Each structure stands twice: as C-alpha cells, then as structure tokens.
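An overview of the molecular structure
If you want the building blocks of each chain, they are given just below.
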Amino acid sequence: QKEVEQDPGPLSVPEGAIVSLNCTYSNSAFQYFMWYRQYSRKGPELLMYTYSSGNKEDGRFTAQVDKSSKYISLFIRDSQPSDSATYLCAMSGWGSSNTGKLIFGQGTTLQVKP
Amino acid sequence: DTAVSQTPKYLVTQMGNDKSIKCEQNLGHDTMYWYKQDSKKFLKIMFSYNNKELIINETVPNRFSPKSPDKAHLNLHINSLELGDSAVYFCASSQDRTSGSYEQYFGPGTRLTVT
C-alpha cells in the first residue's frame, strides 16, 4: 500500500463547476500537506500548503485537512479551462529529522471544458 | 530570470551510455532536490543536498550519482543507462531543509528517453 493514495482520474468537468480533489494517507506523522499543480510538460508549482488539520482558503482554492480521517481535499470553485492540469498532493514532516522529504500522491488529471 | 533551470530539456540516448543532467537555481536557496517522475506521473524523491551536504539518499541504484559543486548547483550523473531510467527528472530547491517540508520550487524537467 502506498503511503499516499490519490485517484488519478481523469476528471472532466464543465466550466464553472466546483471540483473536489482528494488524497488519503497512512502515515499519521505527516504534518505538512501541500497541493501542487502541474501543467503538461512543465514542473509542479505549489498551490497551497496547510499545517496540521483545518481549512485554508486562497481565492477560488480551498484546502482541507482532516488528520483524524487521514484525508485531505482541494476544492476549486468556479473552475476555469486554465485550471486544466494535473494536481498532486504531497505530505511531509515527521519528528526532528525534518529533511524536506515530500511524499507525493499519483496526481489527478483535471480537464475543465469551456 | 528563471528560478530553477535544468539542462538539457530533452535527452535521448542508448542503453549503456553515461549522461549528466544539470540544475541551477538563482533563488539563493540552501537546499536542492532531484525527483523522478514516471510515465504515470508518480513523483518520487531521489536525492537532496543542503548547502552541498547530502541529506536525502533514497533507494536509488548506485548508477545514479548526484554532485553539488556549490549550493546553487546540483547535477545528476547516470552511468550505464537502462530502459527503466526513461522518465522525467525534476530538480527542485527550497530556502532550507525545514521550509522544504512545505515549499519547494521545481524546474521545468528533463525528459530522458533511453532506447
């Protein structure tokens, strides 16, 4: 079983839809939770990160972490064709030996149709 | 004004060859990383250097050898290339090893094809 599980999709939605992307994980020591966006043939770029449980909002994007369920989500409101990309969840941080090692999910490919 | 750059962008080579990929960051960061992304988009850490010191060395064949001549550069040398090495290799950097836990900046990737 992988440490981080993410449905690879693809996920296709009409423009303006609310998108929900999810990851589950098994390591209860994870403390930092991130979402990266990767356009085709580009490097991943950080969208948002949260520390421990709770919600964080940034414009049309909301990240949610539920540590009790070992479940994280990214919501995209009013989705746009420019949101079409692969979304990767990533997690890190345990103990004092924090080396910046990120564990990634497989990525969910999202297509927003005009 | 590219933040993290990699060369070459594409690399096509034959099995058994030796090749190198170079990475440079101009962000003034202390920590740099190499990742491998397979055909299913799964991204996995290979190595990390903090101020020229190796701090992450995942289970990677010893045909792969990273080298950091200074904290702005991290190169990856691969000996005796195999078909399974075909992937996209990403370099990344973070301000330091701690901030690397939540904020890493990725390069554009090097697409390696071994024939």
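Going by the structure above, here's the rest.
Below, the structure is looked at part by part. (Residues numbered from 1 in each chain as written. Chains lettered and ligands numbered in written order. Predicted model: local features only at pLDDT ≥ 70, side-chain atom pairs only at ≥ 80, totals over all residues. Heavy atoms only, no water.)

Moving on: the packing of aromatic side chains. Within the structure shown, the criterion is met by 13 aromatic pairs over all chains. Centre to centre, the rings of Phe 104 of chain A and Phe 106 of chain B are 6.2 Å apart; their planes meet at 80°, and the pair counts as edge-to-face. Placement of the pair is Phe 104 of chain A in strand E10 (residues 103-104) and Phe 106 of chain B in strand E10 (residues 105-106), with the two residues belonging to separate chains. With relative accessibility at 11%, the residue Phe 106 of chain B sits in the buried group. Through a chain of ring-to-ring contacts, the aromatic side chains of Tyr 36 and Phe 104 of chain A together with Tyr 33, Tyr 35, Phe 90 and Phe 106 of chain B assemble into a single cluster. Above the ring of Phe 42 of chain B, the side-chain terminus of Lys 2 of chain A is found at 5.0 Å from the ring centroid. (Phe/Tyr/Trp six-rings, centres within 6.5 Å; stacked < 30°, edge-to-face > 60°. Helix = DSSP H or I, 4+ residues; strand = E, 2+ residues; numbered from the N terminus. Buried < 20%, exposed > 50% of the residue type's maximum accessible area, 1.4 Å probe, protein only. Lys NZ or Arg CZ within 6 Å of the ring centre and 35° of its normal.)

A few words now on the state of the cysteines. Counting across every chain of the model gives two disulfides over all chains. The disulfide that involves Cys 23 of chain A links it to Cys 89 of chain A, with 2.0 Å between the sulfurs. The sign of the S-S torsion, about -100°, decides the handedness of the disulfide formed by Cys 23 of chain A and Cys 89 of chain A: left-handed. One end of the pair, Cys 23 of chain A, is in strand E3 (residues 19-25); the other, Cys 89 of chain A, is in strand E9 (residues 85-92), and 66 residues separate them in sequence. Each of the two residues, Cys 23 of chain A as well as Cys 89 of chain A, counts as buried. The disulfide bridge from Cys 23 of chain B ends at Cys 91 of chain B, spanning 1.9 Å between sulfur atoms. Torsion about the S-S bond of the Cys 23 of chain B and Cys 91 of chain B cystine: about -75°, corresponding to left-handed handedness. Residue Cys 23 of chain B is located in strand E3 (residues 19-25), and its partner Cys 91 of chain B is located in strand E9 (residues 87-94); the two are separated by 68 residues in the primary sequence. (Disulfide = S-S within 2.5 Å.)

Moving on to the side chain of Arg 37 of chain A. Residue and element names in this part refer to chain A. Counting through the fold element by element, Arg 37 comes out in strand E4 (residues 32-38). At a separation of 3.5 Å, a polar atom in the side chain of Arg 37 contacts the side chain of Tyr 39. Apart from residues lying up to four places away in sequence, Arg 37 is in contact with Gly 43, Pro 44, Glu 45, Leu 47, Phe 61, Asp 83, Ala 85, Thr 86 and Tyr 87. (Polar contact = N/O pair within 3.5 Å; in protein donor to acceptor, adjacent residues only side chain to side chain. Contact = heavy atoms within 4.5 Å.)

So, about the nonpolar core. One finds Val 4, Trp 35, Ile 72, Leu 74, Ile 76, Tyr 87 and Met 91 of chain A to be the most contacted residues of the largest nonpolar core, which totals 25 residues. Where this core is concerned, the elements lending two or more residues are E3, E4, strand E5 (45-51), strand E7 (61-66), strand E8 (71-76), E9 and strand E11 (108-113) of chain A. One finds Val 4, Trp 34, Leu 76 and Val 114 of chain B within the second-largest nonpolar core, a separate group that totals 19 residues. (Core = buried A, V, L, I, M, F, W, Y, C linked by side-chain atoms within 4.5 Å.)

With that out of the way, let us pick up the layout of surface pockets. Here the largest pocket defines a volume of roughly 300 Å³. Contributing to the lining of the largest pocket are 21 residues, with Arg 41 of chain A together with Gln 37, Lys 41, Val 88 and Arg 111 of chain B lying nearest its centre. Secondary-structure elements contributing two or more residues to the lining of the largest pocket are E9 and strand E11 (110-114) of chain B. Here the lining of the largest pocket is composed, by residue class, of seven nonpolar, eight polar and six charged. (1 Å grid on protein atoms, 1.4 Å probe; cavity = no way out; pocket = protein on both sides within 12 Å on 5 of 7 lines; lining within 4 Å. Points joined across faces, edges and corners; volume = space filled by probe spheres on them. Nonpolar A, V, L, I, M, F, W, Y, C, P; charged D, E, K, R; others polar.)

Turning our attention to unusual backbone geometry. Backbone torsion omega between Gly 9 of chain A and Pro 10 of chain A reads 10°, so that peptide bond is classified as cis. Following the sequence through the fold, Pro 10 of chain A ends up in the loop between strand E1 (4-6) and strand E2 (11-14). The phi angle at Ser 80 of chain B is positive, at roughly 45°, despite the residue not being glycine. Position of Ser 80 of chain B relative to the elements: it lies in the loop between strand E8 (73-78) and E9.

What follows deals with the interface of chain A and chain B. Contact with chain A, which involves 21 residues of that partner, is made by 23 residues of chain B. Across the chain A to chain B interface the summed buried area is about 2,100 Å²; carbon plus sulfur atoms make up 54%. Ranking the residues of chain A by area buried against chain B places Arg 41, Thr 99 and Phe 104 of chain A at the top, with a combined share of 26%. Remark: the boundary between chain A and chain B carries one salt bridge. Where Glu 58 of chain B meets Lys 101 of chain A, a salt bridge forms, and the shortest distance between an N and an O atom there is 3.1 Å. For the side of chain A that touches chain B, the secondary-structure elements that each account for two or more residues are E4, E5 and E9 of chain A. Classifying every residue of the side of chain A that touches chain B gives nine nonpolar, nine polar and three charged. (Buried area = accessible area lost by both parts, 1.4 Å probe. Salt bridge = Lys/Arg side-chain N within 4 Å of Asp/Glu carboxyl O.)

Bear in mind that shape data such as this cannot, by itself, settle questions of function.
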